[in-house]
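Structural characterization, general
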Amino acid sequence: KNEVEQSPQNLTAQEGEFITINCSYSVGISALHWLQQHPGGGIVSLFMLSSGKKKHGRLIATINIQEKHSSLHITASHPRDSAVYICAVEEDGGSQGNLIFGKGTKLSVKP
Amino acid sequence: NAGVTQTPKFQVLKTGQSMTLQCAQDMNHNSMYWYRQDPGMGLRLIYYSASEGTTDKGEVPNGYNVSRLNKREFSLRLESAAPSQTSVYFCATRLTGGWQYFGPGTRLTVT
């Protein structure tokens, strides 16, 4: 069973384009995380949210708890945004804040 | 302030050999995690430790053991390596209710 589904799996964009990556989940959650995995393999957390919207620079994350859906938007995309973006959820009542991860969306931004 | 460190970065083992992956953090976080990442799959939890002296199984614990030596260190041991354990292994830490912080990863190949 796939409790966290991301779409698309792969995404190619031209520099400057507006990017949207989607995440749907099937369990009740206490929080949703967005992470970025660089081409070199390192993983960094971008956002943690349980309602509404958060913004950091050119990145915006939104969540709709009723629809069990979140989106990550990148405005004015740049080649340095090329990475794998991973959605993960903390299941409500789950163990010790453990995360359930999606398979990731690979983004490539061409100059 | 190194954050989360992992050693080694790369390792090649023959089937049946044993090894220990080391993880250390200087962030004073209570929770620590070991994940594996395989192509086409999301990060999967092997073991976690909510606090010093406690460890619990995650989604894929078979073939692994862990030790939470102290608050800083959480090691993962493969007693008898198998080709199915070829993967990239990530250690992560978390302050309760916060983001997860990931180490740089260990790329393990079992031949």
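Scope of this entry: the structure provided in the associated data block. Please read all numbers here as calculations on a predicted model, not as lab measurements.

1. Structural notes on the overall build of chain A
The number of helices and strands found in chain A is 0 helices and 11 strands. Radius of gyration (C-alpha) of chain A: 13 Å, near the 13 Å computed for a compact globule of 111 residues. Principal-axis analysis of the C-alpha atoms gives chain A an extent of 45 × 25 × 20 Å. Across the 111 residues in chain A, those meeting the buried criterion constitute 48%. For chain A, the proportion of contacts with a sequence separation of at least 24, taken over those separated by at least 6, is 55%.

2. So, the environment of Ala50(B)
Structurally, Ala50(B) is set in the loop between β5 (44-49) and β6 (56-57). Along the backbone, Ala50(B) and His29(B) are 21 residues apart, and their C-alpha atoms lie at a distance of 9.4 Å.

3. Here's the deal with the pairing of strand β3 (residues 19-25) of chain A
All names here are of chain A. By the alternation rule, side chains of β3 split into Ile-19, Ile-21, Cys-23 and Tyr-25, which are all buried, and Thr-20, Asn-22 and Ser-24, of which none is buried. As paired strands, strand β1 (residues 4-7) and β3 are joined by 4 bridges and run antiparallel to one another. Note that in β3 the partner of Ser-7 across the bridge is Asn-22. In terms of strand pairing, β3 meets strand β8 (residues 69-74) through 6 bridges, oriented antiparallel. By the bridge assignment, Asn-22 is partnered in β8 with Ser-71.

4. Describing the state of the cysteines
Cysteine pairs can be linked by a disulfide, which is a covalent bond between their two sulfur atoms. Following the criterion strictly, the structure yields 2 disulfides over all chains and no others. The disulfide partner of Cys23(A) is Cys87(A), and the S-S distance across this bridge is 2.0 Å. Handedness of the Cys23(A)-Cys87(A) disulfide follows from its S-S torsion of about -65°: it is left-handed. Taken together, the positions of Cys23(A) in strand β3 and Cys87(A) in strand β9 (residues 83-91) put the pair 64 residues apart, joining distant regions of the chain. Cys23(A) sits in the buried class, given a relative accessible area of 0%. Through a disulfide, Cys23(B) is tied to Cys91(B); the S-S separation comes to 1.9 Å. As the torsion about the S-S bond is roughly -70°, the Cys23(B)-Cys91(B) disulfide counts as left-handed. Here the residue Cys23(B) occupies a position in strand β3 (residues 19-25), and Cys91(B) occupies one in strand β9 (residues 87-94), the gap between them amounting to 68 residues. The burial state of Cys23(B) is the same as that of Cys91(B); both residues are buried.

5. Here's the deal with the sheet that holds strand β7 (residues 64-68) of chain B
Residue and element names in this part refer to chain B. Strand order in the open sheet formed by 4 strands is β1-β3-β8-β7, and the pairing between neighbours is antiparallel. Of all the strands in the sheet, just β1 (4-7) and β7 have a single pairing partner and so form its edges. On average, adjacent strands in this sheet sit at an angle of 15° to one another, irrespective of strand direction. Direction of pairing for β1 relative to β3: antiparallel, over a ladder of 4 bridges. By the bridge assignment for β3, Thr-7 is matched with Gln-22.

Cut-offs used in this document
Residues numbered from 1 in each chain as written. Chains lettered and ligands numbered in written order. Predicted model: local features only at pLDDT ≥ 70, side-chain atom pairs only at ≥ 80, totals over all residues. Heavy atoms only, no water. Helix = DSSP H or I, 4+ residues; strand = E, 2+ residues; numbered from the N terminus. Rg over C-alpha atoms; globule rule 2.2 N^0.38 Å. Buried < 20%, exposed > 50% of the residue type's maximum accessible area, 1.4 Å probe, protein only. Contact = heavy atoms within 4.5 Å. Pairing = 2+ DSSP bridges. Disulfide = S-S within 2.5 Å. Axes fitted to C-alpha atoms, helices over the stretch in contact; angles between N-to-C directions.

Read these as geometric descriptors, not functional statements.
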